[in-house]
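Take a look at the letters that make up each chain.
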Amino acid sequence: MLKIILLTGATDGIGLETAKKLASMGHTLLLHGRNETKLNDIVKNLSALPETGIIESYICDLSNLNDVRSFAHQVMKRHQKIDVIINNAGIYKTANTITSEGYDIRFVVNTFAPYLLTQMLSPLLDKEARVVNLSSAAQSPVNLLAMEGKQELSDDDAYAKSKLAITMWSRYLGIMNKEMGPIFIAVNPGSFLASKMVKDAFGVAGNDINIGVSILVRAALDPDFSDATGKYYDNDNAAFASQHPDALDNKKCERIFKSIELTIDKLNL
Ligand SMILES: NC(=O)c1ccc[n+]([C@@H]2O[C@H](COP(=O)([O-])OP(=O)(O)OC[C@H]3O[C@@H](n4cnc5c(N)ncnc54)[C@H](OP(=O)(O)O)[C@@H]3O)[C@@H](O)[C@H]2O)c1
């Protein structure tokens with residue numbers, strides 16, 4: 001069945017290749033990017049293919065939560081229902097690590113923005129809808145000071161903390177919404193996949209990016225994932241896996257969840 005799928009970070013890497021695959025299957029795609037020229041070119045090229053369904057484009061810099069809010073409003077103006085959100089956009093190495101509000105950009109883009117977008121769009125998500133959150137094999141314990149931008153972090157540490165944080169809110173909301181949905185699934189798409197992020201961070205070409213594409217498509221659409229809410233799929237082992245101990249700790253997950261809500265409130269959106 002054809003679905004309505006919102007995909008963030010569709011302008012490069014795993015997101016771009018996933019957009020191509022989903023477009024070739026005829027799904028309605030709401031493609032997001034921060035670079036208007038890049039996104040418009042992609043939408044134009046995909047729309048020209050014979051099998052493509054409707055493709056919409058949304059521009060938003062996810063490091064600015066006010067922009068994220070406008071992005072969600074734009075989606076809500078055009079849609080009453082979405083079947084899948086793939087929170088794919090992510091950042092690792094960057095010249096400017098601190099946002100104008102004083103937060104680490106890795107937390108804002110990788111953890112807070114997907115949370116805010118998903119929460120705002122939750123009225124459009126029914127029991128069977130899926131939220132696929134991009135996690136990583138790189139995960140490390142999150143201290144609230146770091147998450148609140150009050151501690152300087154290395155690139156590796158900021159990235160790994162932000163990825164555990166998204167994995168934790170994914171599990172928390174999965175448990176909280178178990179009866180009414182949507183389904184929340186955290187996915188490590190595979191390590192060192194050939195993308196801009198991996199090239200910039202590690203200077204290597206990386207492994208076949210389609211490893212990541214196929215797991216995102218499965219997590220979004222396959223019946224195997226319909227009872228996976230709150231789970232973590234580790235594509236390095238091609239299986240659902242036990243989570244980081246902190247993600248299995250309900251109290252810690254709740255603290256992360258509350259801190260994200262507080263931060264978003266503080267930003268007075
Ligand atoms: N590649 C891997 O081996 C690997 C492993 C584990 C997890 N992941 C995760 O998979 C996801 C995709 O990564 P990738 O490797 O495909 O990275 P990538 O090639 O760098 O692509 C990242 C995407 O996110 C977008 N993006 C970055 N910062 C943004 C911002 N501030 N606002 C809006 N969009 C922004 C980028 O836009 P631009 O095109 O404008 O740059 C691009 O579309 C990430 O969440 C990453 O953490 C990747």
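For every chain, the first residue of its written sequence is number 1, and the numbers climb from 1 along that sequence. In keeping with the predicted nature of the model, local features appear solely for residues at pLDDT of at least 70, side-chain atom pairs appear and are counted solely at 80 or more, and the whole-chain, interface and lining totals rest on all residues.

A. Structural view of the overall build of the protein. A run of H or I in DSSP becomes a helix once it reaches four residues, and a run of E becomes a strand once it reaches two; helices and strands are each numbered from the N terminus. On a plain count of helices and strands, the protein comes out with 9 helices and 8 strands. The quantity called the radius of gyration is restricted to C-alpha atoms. Its globule counterpart is 2.2 Å times the number of residues to the power 0.38. Against the globule reference of 18 Å for 269 residues, the protein gives a C-alpha radius of gyration of 17 Å, in line with a compact fold. With the principal axes as the frame, the protein shows a C-alpha extent of 50 × 40 × 40 Å. In the protein, once contacts between residues fewer than 6 apart in sequence are set aside, the share between residues at least 24 apart is 70%. Note that contacts rest on C-beta atoms placed from the backbone: two residues are in contact if these are within 7 Å.

B. Structural view of the packing of helix α4 (residues 105-121) against helix α6 (residues 155-176). With their axes 8 Å apart at the nearest point, α4 and α6 run at an angle of 10° to one another. Between α4 and α6, the crossing angle belongs to the class labelled roughly parallel. Seen from above, α4 lies across α6 with right-handed handedness. Residues Arg 106, Phe 107, Asn 110, Thr 111, Pro 114 and Tyr 115 of α4 form the contact with α6, whose participating residues are Ala 158, Tyr 159, Ser 162, Lys 163, Ala 165, Ile 166 and Trp 169. In terms of residue class, the contact of α4 with α6 is built from 8 nonpolar, 3 polar and 2 charged. To define axes, lines are fitted to C-alpha atoms, for helices over the stretch in contact only, and angles between the resulting N-to-C directions are given on a 0 to 180 degree scale. In this scheme, roughly parallel covers angles under 35 degrees and roughly antiparallel covers those over 145, while 65 to 115 is roughly perpendicular and the rest are oblique. Each crossing is labelled by how the near helix is turned from the far one, with a counterclockwise turn of less than a right angle marking it left-handed and a clockwise turn marking it right-handed. Side-chain classes are defined by residue name, with Ala, Val, Leu, Ile, Met, Phe, Trp, Tyr, Cys and Pro counting as nonpolar, Asp, Glu, Lys and Arg as charged, and the others, Gly among them, as polar.

C. Seen up close, the pairing of strand β4 (residues 84-87). Partly exposed residues are those whose C-beta has more than 12 but fewer than 20 other C-beta atoms within 10 Å; 20 or more makes a residue buried and 12 or fewer makes it exposed, with C-beta atoms placed from the backbone. Judged by which residues are buried, β4 turns out to be covered on both faces: Val 84 and Ile 86 on one side and Ile 85 and Asn 87 on the other are all buried. Criterion used throughout: strands pair if DSSP finds at least two bridges between them. Both strand β1 (residues 4-7) and β4 contribute to a ladder of 3 bridges, which runs parallel. Bridged to Ile 5 within β4 is Val 84. Pairing geometry for β4 and strand β5 (residues 130-134), over 4 bridges, is parallel. Among the inter-strand pairings, Ile 86 is bridged to a residue of β5, identified as Val 132. Handedness rule for crossovers: strands pointing away from the viewer, path from the first strand over the helix to the second running clockwise, crossover right-handed. After leaving β4, the chain enters α4 and then returns to the sheet as β5, a path that is right-handed.

D. Region of interest: the site of the ligand. Of all residues adjacent to the ligand, which total 29 residues, the nearest are Gly 9, Gly 13, Gly 90, Ser 195 and Met 197. Sorting the residues of the shell around the ligand by element identifies α1 (13-24) and α7 (196-202) as the ones contributing at least two each. Here the residues of the shell around the ligand are counted per class, giving 11 nonpolar, 13 polar and 5 charged. The criterion for a residue being near a molecule or strand is a backbone-placed C-beta atom within 6 Å of that molecule or strand.

E. Representation of α4. Take the residue count of a helix, subtract one, and multiply by 1.5 Å to get its expected span. Across its 17 residues, α4 extends 22 Å between first and last C-alpha, which sits within 8% of the 24 Å expected from 1.5 Å per residue. Throughout, the bend at a residue refers to the angle made by two axes, fitted to the seven residues ending there and to the seven starting there. The sharpest bend along α4 reaches about 40° and sits at Phe 112, with the proline Pro 114 one to four residues further on.

F. Spatial organisation of the nonpolar core. Counting 82 residues, the largest nonpolar core has Ile 5, Ala 19 and Ile 185 as the members making the most contacts within it. The dominant element in this core, judged by the number of residues it contributes, is α6, at 10 residues. In this structure, Ile 185 is in contact with Arg 130, Val 132, Asn 133, Ala 219, Phe 225, Ala 228, Lys 231 and Tyr 233, ignoring residues within four places of it in sequence. A set of buried Ala, Val, Leu, Ile, Met, Phe, Trp, Tyr and Cys residues, joined to one another through C-beta atoms within 7 Å, is what we call a nonpolar core.

G. Representation of the environment of Ala 186 within the structure. The residue Ala 186 is located in strand β6 (residues 183-188) in this model. Judged by local crowding, Ala 186 falls into the buried class, with 30 C-beta atoms found within 10 Å. In this structure, the C-alpha to C-alpha distance between Ala 186 and Tyr 159, residues 27 residues apart in sequence, is 16 Å. When sequence neighbours within four positions are dropped, the list of residues in contact with Ala 186 reads Asn 133, Ser 135, Ile 166, Thr 167, Ser 170, Arg 171 and Tyr 232.

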